[in-house]
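The chain contents come next:
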Amino acid sequence: MIERASIDDIEIAYRIVGPSRDGVPVLMIMGYGGLMEMWPPTIVETLARTRPVIVFDNRGMGDSTSSDQDYSIARFAADAHALLQALDIDRAHVLGWSMGSYIAQELALAHPETVEQLVLLSASCGGAEAIWPDEAVWRRLVDMSGTLEERIRRMFENLFPPEWLQETPDPMQVFPPITAPIDDSNLLRQADTLRAWPGVCPRLSEIAAPTLVMTGTEDVVIPPRNAWIIGERIAGASVIQIKGGGHGFFYQAPEQTARYLAAFLDGEQVHPHPGGF
C-alpha cells in the first residue's frame, strides 16, 4: 500500500515492506527516471525478511509531488532525510542505485548519524575525478523522442549489455509491472541535475559508515572503474563486480545481488564469487 509523507514543499510517496519495527530499516533510493515499483521484488522481499524496507519515489517522480524549487542532488538527499524523520527513524541502512547512489553519498555526508551502513549500486562520486559515459550514451539517456517502444528500447540499451539483450528475447520480463506516471518535464529536470552535480569525491574519506559498492563489468552509463574510485576513498569499503552485468546488473542477477546485500547488511564479510551469473 502506498503511503504519503508531507515534507517541506512536497509529498513523498512511499511503501514499507516487511516487519514494521524489527531491525534497522533499509532506505532504497531509486535512480534517474526510476520509480519505487521498479525495484526487483526478489531483492525487496529478501531484505524485508528480517528488517523493514522503505521504497519511495523521488520528488516529481511517480506518486510523489513536485514544486518550483530547483532540483539538486543535495535537495534529493534532504528529501530522503526528511522522509526518515517523518517516519521517526533515527538510523537506517541507505542503499542507492545510479543517481540514487549520488543521493545516498550526499545523505551520508550531510547526516552521518543517520546512516548505519551504505550500499552504492552502479555508483559514481561525480565531478572531475569521476569517469563519465561517452556522449552517445548520454544522448540516449536523455532522449525522450519517439514511441514508447522506442524509448523502452533505448532504456534497455543503457541498462544491459548487447550480449545479454541478444540472449533475452523479452527484457521486460525482468521488470516488475510499472503503473505509476513518469512526468517528462520532471525527468528533464532530473537530467539537468545529473549534469550539474559537482560530486563528492574529495569528501568521501569523511564517510565512516561500513560501505559496499557493487558494479557491473559492462556498465556503459557509469563505467565500473567508478566503483574502485569510491572504494579507494572510503576506509574499509568493499567493492564487488558482477561479471557480465550492465548498469542494471541487479535485474540480470537479482538472486545473486540479494544474497550479497543481505549478507552485508547482516554484518557478514562479502567476497565476490568467481565467474558471472
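Residues numbered from 1 in each chain as written. Predicted model: local features only at pLDDT ≥ 70, side-chain atom pairs only at ≥ 80, totals over all residues. Heavy atoms only, no water.

1. A look at the state of the cysteines
Here, disulfide denotes a covalent bond that connects the sulfur atoms of two cysteines. With the rule as written, the count across this model stands at one disulfide. Each sulfur of the disulfide joining Cys125 and Cys201 lies 2.0 Å from the other. Taking the torsion about the S-S bond as the criterion, the Cys125 to Cys201 disulfide, at about 85°, is right-handed. Of this pair, Cys125 sits in the loop between β6 (115–121) and α4 (135–142) while Cys201 sits in the loop between α7 (184–196) and β7 (211–216), and the two are 76 residues apart along the sequence. Residue class for Cys125 comes out buried when judged on its relative accessible area of 1%. (Disulfide = S-S within 2.5 Å. Helix = DSSP H or I, 4+ residues; strand = E, 2+ residues; numbered from the N terminus. Buried < 20%, exposed > 50% of the residue type's maximum accessible area, 1.4 Å probe, protein only.)

2. Focus on helix α5 (residues 148–159)
The end-to-end C-alpha distance of α5 is 16 Å, a good match for the 16 Å that twelve residues give at a rise of 1.5 Å each. Every buried residue of α5 is accounted for by Arg154, Phe156, Asn158 and Leu159. Where α5 is buried, its residues contact β5 (92–97), α4, α6 (162–167) and α9 (249–252). (Expected span 1.5 Å × (residues − 1). Contact = heavy atoms within 4.5 Å.)

3. So, the packing of α4 against α7
Viewed as axis vectors pointing N to C, α4 and α7 meet at an angle of 150°, and their least axial separation amounts to 10 Å. It follows from the interaxial angle that α4 and α7 lie roughly antiparallel. Across from Glu135, Trp138 and Val142 in α4, the residues of α7 making contact are Ala191, Leu194 and Arg195. Considered class by class, the residues forming the contact of α4 with α7 number four nonpolar, no polar and two charged. (Axes fitted to C-alpha atoms, helices over the stretch in contact; angles between N-to-C directions. Parallel < 35°, antiparallel > 145°, perpendicular 65-115°, else oblique. Nonpolar A, V, L, I, M, F, W, Y, C, P; charged D, E, K, R; others polar.)

4. Considering the UniProt feature "domain: AB hydrolase-1" (unreviewed entry) in the protein chain
Here, UniProt's "domain: AB hydrolase-1" (unreviewed entry) annotation points to residues 25–123. With 33% helix and 21% strand, residues 25–123 has end C-alpha atoms that lie 21 Å from one another. (UniProt positions renumbered as here; feature names shortened; annotations may be inferred.)

5. Comments concerning the sheet that holds strand β3 (residues 26–29)
Taken in spatial order, the eight strands of this open sheet run β1-β2-β4-β3-β5-β6-β7-β8, and their pairing is mixed. Looking at strand neighbours, the two that pair on one side only are β1 (3–7) and β8 (238–242), the edges of this open sheet. When strand polarity is set aside, the average angle formed by the axes of neighbouring strands in this sheet is 25°. Inspection of the sheet shows β3 paired to strand β4 (residues 53–56) by three bridges, in the parallel sense. If you follow Val26 over to β4, its bridge partner there is Val53. (Pairing = 2+ DSSP bridges.)

6. As for the packing of aromatic side chains
Following the criterion strictly, the structure yields 13 aromatic pairs and no others. Between the aromatic rings of Trp97 and Tyr251, the centroid separation amounts to 6.3 Å while the plane-to-plane angle is 80°, which identifies the pairing as edge-to-face. Residue Trp97 is found in strand β5, and its partner Tyr251 is found in helix α9; the two are separated by 154 residues along the sequence. On the accessibility criterion, Trp97 (7% relative accessible area) is buried. Centre to centre, the rings of Tyr102 and Trp197 are 4.2 Å apart; their planes meet at 15°, and the pair counts as stacked. Of this pair, Tyr102 sits in helix α3 (residues 99–110) while Trp197 sits in the loop between α7 and β7; the two residues are 95 residues apart in sequence, bridging distant segments of the chain. By relative accessible area, Tyr102 is classed as buried at 6%. (Phe/Tyr/Trp six-rings, centres within 6.5 Å; stacked < 30°, edge-to-face > 60°.)

7. Comments concerning the side chain of Thr114
Here Thr114 shows up in the loop between α3 and β6. Among the polar contacts listed, one links the side chain of Thr114 to the side chain of Glu113, at a separation of 3.5 Å. (Polar contact = N/O pair within 3.5 Å; in protein donor to acceptor, adjacent residues only side chain to side chain.)

8. Observations regarding the pattern of salt bridges
For the structure shown, the criterion picks out twelve salt bridges. A salt bridge links Asp266 to Arg51, with the shortest nitrogen-to-oxygen separation between them at 2.5 Å. Placement of Asp266 in the segment after α10 (254–265) and of Arg51 in the loop between α1 (41–47) and β4 is noted, with a sequence separation of 215 residues between them. Judged by its relative accessible area of 47%, Asp266 falls in the partly exposed class. Residue class for Arg51 comes out buried when judged on its relative accessible area of 5%. Close ionic contact of Glu116 with Arg91 constitutes a salt bridge, the shortest N to O distance being 2.7 Å. (Salt bridge = Lys/Arg side-chain N within 4 Å of Asp/Glu carboxyl O.)

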